[in-house]
Amino acid sequence: MTYIYGASGGSITINVRRSESRDAHQIMKLFAPSTNNMFGRINILHLLERANLAVTVENEKNEVIAHAAFLDYPNVKSVEQNNWEPWLHMYGNSSKCTPLNTLFMHLFVAKPDFAAGCAREIIRTVFNAVQELHFIILSVEKKVDLDPALSLLFIPLPQFKKMYGVQCLVTVCYRKDYVPVLHIRKARIEDRDDITPIFNEMTDTLRTIYGEYFLAELIEAQDEMNHAAVCEVNNTAVGFISLCSEVNVELLNNCFDLRPFHGLRKGPSEKLNALTLRTAKSPVKEDILPSHSEDNADEKKEETNQDETNRAPHSDIRNQVTERAENSQVVSPRLTDAPNVFCIQLFCMDEKYETRSQDFLPYIFNLYPNGTPIQVIVADVLSEIVGIAVIRNEENIEYIRSHYNIENFIYFNHHQREEHGHLYHFALNPIFYHYTRHFLKEILRITLKSCLYYPVYPKSSQNEVQSPHVHSLTSALHFLVPVRRRRQIIYPLEQLGINAPSKRITKEKPKYALNHINRKLTLEPKVTINSRIVVVGASEIGISFLETLVFCPHLRFNNITLISTCAIPESHSSTSCRRFQARSHSYEHDDYTLMSLQSWVNMVVGKMIGIDRAAKHVIVTGGTKVPYEYLILCTGQQFQVPYLTGADTKSTNKDVIVDPDKQFSENVPPNFFLLNNHNDCENALDWLKNHSENTKGNIIVYGSTIEAYITINTILSFGIDGSLIHLVKPPTNSNSNCFNSSLVETAVEEALEKAKVSVHSNCLLSQWNDGKVHGQITVSTFTTESEPLILRCVAFFNFDKKKVDYDAFKAINKACLVFDGKLVIDSTFHTNDITIRSAGPLTKYSRRYYADQWSHENFNSKEIGFQLAALMLHLFDPTLEQVTQPPAELDLLVPTYTGCKVKECILPGDYHYLHVSKPGPMTCLDIQKGKPEYGRDIVTGSPSTGNYFQIHLNKYSTVDSITCLSLTPLPVSNYICLYGQHERLLNNLCSRFDEGLISDLYSYLKEPWSLCIYHDRFMEFKQEVRQLVESEKFNVTRPIEELIRQIADGELLVPENTKEFLEKQFQKHGYQKLIERSLLNYLRYNSDHLPMFAWPGVV
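It should be emphasised that the depicted structure is a prediction, and the values quoted were computed from it without experimental measurement. Every residue gets a number counted from 1 within its own chain, in the order that chain's sequence is written. Local features are withheld for residues below a pLDDT of 70 in this predicted model, meaning they are given only at 70 or higher, and side-chain atom pairs are given and counted only at 80 or more; totals for whole chains, interfaces and linings count all residues. Only hydrogens and water are removed before side-chain values are computed, so all heavy atoms of the structure are retained for them.

Asks: Please explain the pairing of strand β2 (residues 11-18) as it appears in this structure.
Replies: One face of the sheet, then the other: side chains in a regular strand alternate in exactly this way. Each pair of strands is called paired provided DSSP finds at least two bridges between the two strands. Think of it this way: any DSSP run of H or I at least four residues long counts as a helix, any run of E at least two long counts as a strand, and we number them from the N terminus. As defined by bridge partners, strand β1 (residues 2-5) adjoins β2 across 4 bridges and the pair is classed as antiparallel. If you follow threonine 2 over to β2, its bridge partner there is isoleucine 14. Hairpin connection of β1 to β2: 5 residues between the antiparallel strands, including glycine 9 at a positive phi of 95°. Bridging between β2 and strand β3 (residues 53-59) involves 5 bridges; their strand directions are antiparallel. Across the sheet, isoleucine 14 pairs through a bridge with asparagine 59, a residue of β3.

Here's what the structure looks like:
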């Protein structure tokens, strides 16, 4: 917050921030006649969308009182965006202005009384925000007078040479007048008094180890190899740096790949030629000399004739570049070469001046003349190309818009089709990495693009060298923002006919993760987070947590690590797992490819076997230690090797005491299968493929979970005789089956009987091989309610109850984390260690919550992962408030989750099964139906005909659960969208069903009217309508929402029918027209996905 004074006296508190699109309406109110005279006619939304930097000033009431927009080219129509330097350099003292250090003001508006103060604060803020910026240029027509507030800040430049058709007054604003480059000098002992408080604020470790006067001793010990410098403001030191040229270069080369830096050693020649910025399209060649202080920089320009290169085909250009690269001499560093490096030992900076830290660089490089400063974007050094980018027009922009949330970053309609560029290759010598952002900005300017897109394809798509999808791994990835995928509607294309969306949208294309940058983002720095965040377990909760962090566009997490027994899942791994496991549809099989978490997350393949809380590291199989600052445990629960009771054949279940805590301690037999991850499923598939034609023994599937039924169907799909398959169900205390539906269970049992699969109930595993567990399992013995069950077998698949992995339990227990059957957490996911959090089926709430039944396993995994990440973001995101401890009474409440639970799989009989239910503990369906508030069921078809569909509506007539059993594949993602919708939104489902108009829900929910509900932005539209009803725009005594509340509470008695009364009020006050307009806007804006809907002007 800053105070400024008005022209008529008085002061106000202001806040300067980046402009947002929602500011447009308030900015328009600041326009005056002089605004059009100075800047011309301006579409403010278009300008906000295209500006490299737009700044808004607001008062304490969050009212916009000033705004300015800056771009990287002048607002002179006759001057080309990609070649403005010749025009500007016709004016005096402008030769130092380059695309690196110059921005142009395209708009300034403010409330007249505070215009001067706001203008000064905006200029100061812009110089602080963009460290490389040294000049702000404002150009207006000569006959136009400058705004008085700007005339105090901008100095006119004399014109040396006239250009035909350009009559402008060019003015400049210098950094040195507002945020001057700090004065850097050699440190003196008396500087200790200024520097010590800064160090003490950052850390107390140095003073504790080296004593109170360690800084004075360090400054006094300066020599040829050791230097210390300070930066000062008003004769007070505000920053300190200590340097040493004695570096163990050999050790660094052993630990890191430093070949691009010539091994940090001197090469044959340390003298650099001029560095060249150029493009194939432009004949202009700019030479940028190394400099960090633009006040002392000299720049040269020379014309080169590249007409032949410009006319050459792309293949010729590629051949020229290849030949040039092959002919260039690569000099490897030698151990005898002298080191060419220095290290920073200590560094501190006053928080107020930390953005000027780079002012140290020119001074410290002068202390070591052999150092080569980082200072270019694209360069020719000694006739070698050090950076190159290859782009083309983005031809698939409709596909990108429809499949990725690109409109989170741009207003699509403000960008022409030819302004979208596709980045194929971007390579930049690591020495110049610091200028990647400027290089990207220059690409956009010179090529007249406003957006760039860079895809990351999975490895499987890049096996072929000649593949058209091959893109080089770009070093600019961290400067781009990852774009979230969009959920797609599954269209009944044959039914829609000519009303179907364009093939550009519906056509299947190779999947990839999309990254993006535009003009607005080029000067928007990301907040770098170097905290070590370690996630254990690639469960859906863990993946959701990682996705939430990675897709924060303004944050860059440099040190996220995932520890998992398998790599991050990919589409092919999801396909194999689907053969044995139910899908929750938190992540579709293509979603992992569309996220490409591997691009942002370090992967450690292994199993957690220990946690050292004192040293803060996780121990992984093989002895690897992974250090952490924040540890997230998301290992979940897995199927375990069942404990053999050891009961003899004379015993029954009543004679056996089962200890659930006992673990199997022998070697796992090779023909015993636990299917917990992709590798396990692949091994099982390989075994089935190899034994599908010559299976001579029984295959036992042990368990009563849904995975047991899925596995039986997979075994049958390999052509194995059903008579060889035995489903053995252990005893259970539950009142319901895994489907929670007797009708579905009956259909599956009939399918098993038809396939001749044997089913044995209430069987408890007692022995393998008559108690001798060596080698393969040949005989399995079970106790029952009567006679024992003895089965010879060639394979044993276990799907008994899931438990916490024993190695994970030992690691947690030895680390002294509270474990009470599961890992104990509080309502904010904390364990008893503040740095360790956990979520998922691994956990349970502390007993003080009295919420044992509210386990995370009963809720949507993706939602839990998102909430966990949202809480942790308060630790890292400076735009969020720091979370304080909740009041004691609120800390006793557990969080609620609203996302639905989904199970989808293929069951015996080739039934495609889907069950969508509300979150929370599962209760027996028969018990639910006995309650008066149960609601009603809408049912069509039957399992026997392969078209069973049930929709359960709760007492509020909203969809509470969906159950499908079909012989044809299901559009699952469409049906999930129905959850939580009111039956009236489903085209008056109840009334139509009661009138006998719906005989098949599958056909009914394929009709075109339903497609808008399946759209990924439909929930946003519903929220928009709700906000319209709740808004204060309507000049009414009692809003409609208040009327409904009063009627429901009995505070308002309505003489007529309540529904008719509310409908009259709704129409009377204009709600209906506004909502209809909102609906038409929704359909019009999403017409690429919903062309089957008409609106006024189309028909």
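Anyway, onward from the coordinates.
Asks: For this particular structure, what's the right way to read the confidence of the model for the chain?
Replies: Averaged over all residues, the pLDDT of the chain equals 85, while 89% of them reach at least 70. Every residue carries a pLDDT, the predictor's confidence in it, which falls somewhere between 0 and 100. Residues count as neighbours in contact if any of their non-hydrogen atoms are within 4.5 Å of one another. Confidence over residues 461-468 falls short of pLDDT 50; this stretch has 6 contacts with residues more than four positions distant or in other chains.

Asks: Teacher, can you tell me more about the sheet that holds strand β22 (residues 513-518) here?
Replies: Whenever strands of a sheet pair, they do so through backbone hydrogen bonds, lying parallel or antiparallel. The strand order across the open sheet formed by 5 strands is β18-β19-β20-β22-β21, and the pairing between neighbours is mixed. The open sheet has two edge strands, β18 (387-393) and β21 (481-483), and neither has a second partner. Strand-to-strand twist of the sheet, defined as the mean angle between neighbouring strand axes without regard to direction, takes the value 40°. Bridge count for β18 against strand β19 (residues 420-428) is 7 bridges, and the pairing is antiparallel. Counterpart to isoleucine 388 in the pairing with β19 is alanine 427. Axes, fitted as lines to C-alpha atoms, cover a helix only where it is in contact. Angles between the N-to-C directions of the axes lie from 0 to 180 degrees.

Asks: Help me understand the packing of aromatic side chains, please; the structure alone is not making it clear to me.
Replies: A ring pair, where both rings are aromatic, is described by two values, the distance of the centres and the angle of the planes. To pair, rings of Phe, Tyr and Trp, with the six-membered ring standing in for Trp, must have centres within 6.5 Å; the planes then decide the type, stacked if under 30 degrees apart, edge-to-face if over 60, and tilted in the middle. Enumeration over the complete set of coordinates arrives at 39 aromatic pairs. Considering the side-chain rings of tryptophan 84 and phenylalanine 104, the 4.9 Å spacing of their centres and the 80° angle between planes classify their relative orientation as edge-to-face. In this pair, tryptophan 84 is assigned in the loop between β4 (64-71) and α4 (85-88) and phenylalanine 104 in strand β5 (residues 102-110), connecting sequence segments 20 residues apart. Residue burial is assigned from relative accessible area. The probe radius is 1.4 Å, only protein chains are included, and a residue is buried under 20% of its type maximum, exposed over 50%, and partly exposed in between. Take tryptophan 84: its relative accessible area is 0%, and that puts it in the buried class. Ring plane angle 70° and centroid distance 5.8 Å describe the contact between tryptophan 87 and tyrosine 91, whose orientation is recorded as edge-to-face.

Asks: Even after reading the chapter, I still don't get the sheet that holds strand β9 (residues 183-186), so can you show me in this structure?
Replies: The sheet built from 4 strands is open, its strands ordered β9-β10-β11-β15 with antiparallel pairing. Where the open sheet ends on each side, the last strands, each with one partner, are β9 and β15 (343-349). Ignoring strand direction, the axes of neighbouring strands in this sheet form an average angle of 20°. Along the sheet, helix α13 (residues 360-367) contacts β9, β10 (226-233), β11 (236-244) and β15; its crossing angle with β11, the most-contacted strand, is approximately 40°.

Asks: What exactly am I supposed to notice about the pairing of strand β20 (residues 451-456) here?
Replies: By the criterion of burial, β20 is predominantly enclosed, with 6 of the 6 residues buried. Burial of β20 is two-sided: the residues Cys451, Tyr453 and Pro455 facing one way and the residues Leu452, Tyr454 and Val456 facing the other way are all buried. Note: β19 against β20, 3 bridges, orientation parallel. Each residue of the ladder has a partner; that of glycine 421, found in β20, is leucine 452. Seen with its strands pointing away from the viewer, a crossover is right-handed when the path leading from the first strand over the helix to the second is clockwise. The parallel pair β19 and β20 is bridged by helix α15 (residues 436-446), and the resulting crossover is right-handed. In terms of strand pairing, β20 meets β22 through 6 bridges, oriented antiparallel. Within β22, the position partnered with leucine 452 by the bridge is isoleucine 517.

Asks: Could you clarify how one ought to interpret α15 in this entry?
Replies: Helical periodicity: at 3.6 residues per turn, an α-helix aligns residues three or four positions apart in one direction. Across the 11 residues that make up α15, a large majority, 11, are buried. For α15, the full list of buried residues reads Thr436, Arg437, His438, Phe439, Leu440, Lys441, Glu442, Ile443, Leu444, Arg445 and Ile446. With its phi angle positive at about 60°, leucine 448 sits one or two positions after the end of α15.

Asks: What am I meant to see in the nonpolar core here?
Replies: In a soluble, globular protein the nonpolar side chains are often hidden away together inside. By size, the foremost hydrophobic cluster in this structure holds 73 residues, and its most contacted members are Leu440, Phe545 and Phe557. Setting aside residues no more than four positions away along its own chain, phenylalanine 557 makes contact with Ile529, Ile533, Leu549, Trp600, Leu873 and Phe876. Put simply, a nonpolar core is a bunch of buried Ala, Val, Leu, Ile, Met, Phe, Trp, Tyr and Cys residues held in one set by side-chain atoms that sit within 4.5 Å of each other.

Asks: What should I look at first to understand the side chain of arginine 519 in this one?
Replies: Relative to the elements of secondary structure, arginine 519 occurs in helix α18 (residues 519-522). Classification of arginine 519 by relative accessible area gives buried; the value is 3%. Apart from the residues lying within four places of it in its own chain, the contact partners of arginine 519 are Arg50, Ala51, Asn52, Asp72, Tyr73, Gln81, Leu444, Arg445, Lys449 and Ser450.

Asks: Is there a simple way to think about helix α5 (residues 115-129) in this case?
Replies: A helix's residues, less one, multiplied by 1.5 Å, set its expected span. Helix length check: α5 (15 residues) gives 21 Å between terminal C-alpha atoms against 21 Å at 1.5 Å per residue, within 8%. For α5, the complete set of buried residues consists of Ala115, Gly117, Cys118, Ala119, Glu121, Ile122, Ile123, Val126 and Phe127.

Asks: Sorry if this is basic, but what is going on with a nonpolar patch on the surface here?
Replies: Residues enter patches when they are more than 30% accessible in relative terms and free of salt bridges; like-charged ones are connected within 9 Å and nonpolar ones (Val, Leu, Ile, Met, Phe, Trp, Tyr) within 5 Å. Here, Shrake-Rupley sampling with a 1.4 Å probe gives the accessible areas, and only protein chains in the shown set may cover a residue. Salt bridges are counted wherever a side-chain nitrogen of Lys or Arg sits within 4 Å of a carboxyl oxygen of Asp or Glu. A cluster of nonpolar side chains, Ile385, Ile388 and Val390, forms an exposed patch at the surface whose accessible area comes to about 200 Å². Looking at the element boundaries, isoleucine 388 is found in strand β18.

Asks: How do you make sense of unusual backbone geometry when you look at a structure like this?
Replies: Leaving glycine aside, a negative phi is the common case for residues, and trans is the common case for peptide bonds. Non-glycine residue histidine 585 carries a positive phi angle of around 60°. Along the chain, histidine 585 turns up in the loop between α20 (571-578) and α21 (591-595). You can call histidine 585 buried: its relative accessible area is 14%. The backbone of serine 957 shows a phi angle near 65°, a positive value even though the residue is not glycine. Residue position: serine 957 is located in the loop between β48 (947-953) and β49 (959-966).

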